[in-house]
Structures are given as structure tokens and as C-alpha cells.
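Structure at a glance
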Amino acid sequence: AHDGSIAKRHFVNVASFGFSGAVASKANASSKRLGGRVAFLSATVRSLISYDNVEVWWQADDGERVRRRLVMAAVGNGRYFGGGMKVAPDADVADGLFDVIIIRGAGRLKVLTLMNSIYSGGHLKSPLVSIHRARLVEAWPIGMEPVPIDSDGEAPGQLPARFEIMVGALSLKI
């Protein structure tokens, strides 16, 4: 949670941390009368002014714990977040796995370019982006700076966090 206490939350679509968490906080504090896409795009630009890359430890399933300087990481059960950004274009809500998108640390101009390319899913072509698949993702901050979390467009708190898929928790009828 924001105060550092442990809290349990559920999400259906995408949870993320880093830059996207800062953007979610700003977007939720602003008016959405022009729509979610405009609110999140405006929050992205405003967040660029003050946001710095973060250092975290992260681990997928039983894999190696990795130290990474990053812009953000997205843990996607679904494909979209932030008012229509296609952050995890290949995610499938029925496959029992998260698509984990890691965007390594970059300068502000590169971040702006990457955030714009997320609307089409084009960010996956960047050498700064890596894609992983997992049932469980854990992340811990390095240092004292809080690393904000975004969960389905809400800003519920900060790292450390554990993201675990709950296979079959929802029944979707199409």
C-alpha cells in the first residue's frame, strides 16, 4: 500500500510498476472528460518532467532474481492499459500466464517515443524491451525511492509486490 503496509489486491487486465505507476497517479488525479486516452497521454507527458528510472530486483516464477534499471514493467493478463495502450499485444487472458514486459532504463525522449509506440504494440521491437512469460512475478525496490504500482488503471501502492495469476478465477462468456 502507499503507507508501506501489506495489502492484497486483484486485477484482471494489467498491473505494472515504475513510470506507469506514476502516470496512473497523475491520470486518476485529473479530469477524464476528454476520455481515458487523453487523460493518460497528458499524464504521461507531465510525468516525464519529474520521473527518473528506477532500480529494482525482479523475479519470474522460480527463475533467477535480476537486478534491473528500468522505466517500467508490465504484468499483463490482458493486452491493454492506460487508455488504449497495447502494452502486452500477445497476452491471452485464457492461457494461465502473464506476459511480462520489461522496459529498461532510458532517457526522457526515448521514453516518450516508446510510450507513443505502445498504442500500436510497436514498442516490442525496441532493444530496450524484453518479454517474459510467467505465473508469478515478484519485484522489490532498490533504495529508498518509492516505486509506484498501477493496477488496472488504479494506483494502489508501491513495491515490493507479488503478482500471481489465479487460473480460472473468472468465467468469461463471449
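One structure accompanies this document, and this report is about it. (Residues numbered from 1 in each chain as written. Predicted model: local features only at pLDDT ≥ 70, side-chain atom pairs only at ≥ 80, totals over all residues. Heavy atoms only, no water.)

**A closer look at the pairing of strand β4 (residues 98–104)**
Convention followed: Relative accessibility decides the category of a residue: with a 1.4 Å probe and only protein chains considered, values under 20% of the type maximum give buried, values over 50% give exposed, and everything between is partly exposed. Secondary structure elements are defined from DSSP: runs of H or I of at least 4 residues count as helices, runs of E of at least 2 residues count as strands, and each element is numbered from the N terminus. Any two strands between which DSSP finds at least two bridges are classified as paired.
Burial analysis of β4 places 6 of its 7 residues in the buried class, the great majority of the element. Across 6 bridges, strand β3 (residues 66–76) lies against β4 in antiparallel orientation. Bridge assignment links Gly-76 to a residue of β4, and that residue is Asp-99. Where β4 and strand β5 (residues 129–134) come together, 6 bridges link them in antiparallel fashion. Along β5, the bridge assignment pairs Val-100 with His-132.

**Quick word on the packing of aromatic side chains**
So the rule is basically this: By convention, a stacked pair of Phe, Tyr or Trp rings (six-membered ring in the case of Trp) has centres within 6.5 Å and planes under 30 degrees apart, an edge-to-face pair has planes over 60 apart, and any other such pair is tilted.
Scanning the model with the defined rule gives 4 aromatic pairs in all. Ring centres of Phe-11 and Phe-163 lie 6.3 Å apart, and the angle between their planes is 75 degrees; this geometry places the pair in the edge-to-face category. With Phe-11 in the segment before β1 (14–18) and Phe-163 in strand β9 (residues 161–164), the pair connects residues that are 152 residues apart, well separated along the chain. In terms of burial, Phe-11 and Phe-163 fall into one category: buried. With a centroid separation of 6.1 Å and an interplanar angle of 10 degrees, the aromatic rings of Phe-17 and Phe-163 are classed as stacked.

**Focus on a nonpolar patch on the surface**
What counts is decided by this rule: Patches here: salt-bridge-free residues with over 30% relative accessible area, like charges joined within 9 Å, nonpolar side chains (Val, Leu, Ile, Met, Phe, Trp, Tyr) joined within 5 Å. Per-residue accessibility takes into account occlusion by the displayed protein chains alone, with areas from the Shrake-Rupley method and a 1.4 Å probe. The term salt bridge refers to a side-chain nitrogen of Lys or Arg lying within 4 Å of a carboxyl oxygen of Asp or Glu.
Taken together, the side chains of Leu-41, Val-45, Leu-109 and Leu-112 present a nonpolar region at the surface, about 350 Å² in accessible area. Of all elements in the fold, only α2 (36–50) and α3 (108–117) reach the threshold of two or more residues within the nonpolar patch. With respect to the helices and strands, Leu-109 occurs in helix α3. The exposed category is assigned to Leu-109, whose relative accessible area is 66%.

**Quick notes on empty space enclosed by the protein**
Any empty space left between the atoms is revealed when a probe the size of a water molecule rolls over them. In plain terms, the rule: Cavity: a set of points on a 1 Å grid over the protein atoms alone where a 1.4 Å probe fits but cannot get out. Pocket: an open set with protein on both sides within 12 Å along at least five of seven lines, its lining residues, like those of a cavity, having an atom within 4 Å of a point. Grid points are joined across faces, edges and corners, and a volume is the space filled by probe spheres set on the points. Gly counts as polar in this scheme, as do all residues outside two lists: the nonpolar Ala, Val, Leu, Ile, Met, Phe, Trp, Tyr, Cys and Pro, and the charged Asp, Glu, Lys and Arg.
This structure, assessed with the given rule, holds 1 cavity of 30 Å³ or more. Of the voids in this model, the largest cavity is the one considered here, and its volume is about 80 Å³. For the largest cavity, the full set of lining residues is Phe-19, Ser-20, Val-23, Ala-24, Phe-40, Thr-44, Met-72, Phe-81, Gly-82, Met-85, Met-115 and Asp-150. Going through the elements one at a time, α1 (19–29) and α2 are the ones with two or more residues in the lining of the largest cavity. Here the lining of the largest cavity takes 4 residues from α1, the largest share from any one element. Each residue belonging to the lining of the largest cavity can be placed in one class, and the counts come to 8 nonpolar, 3 polar and 1 charged.

**With respect to the layout of surface pockets**
By volume, the largest pocket amounts to about 1100 Å³. Lining the largest pocket we find 38 residues, and of these Arg-9, His-10, Phe-11, Phe-163 and Glu-164 sit closest to its centre. Mapped onto the lining of the largest pocket, the elements with two or more residues apiece are β6 (136–141), β7 (148–151), β8 (154–158) and β9. The volume enclosed by the second largest pocket comes to roughly 160 Å³. Forming the boundary of the second largest pocket are Ser-50, Tyr-51, Asp-52, Asn-53, Val-54, Glu-55, Ile-142, Glu-145, Pro-146, Val-147 and Pro-148. For the lining of the second largest pocket, the class distribution of residues is 6 nonpolar, 2 polar and 3 charged.

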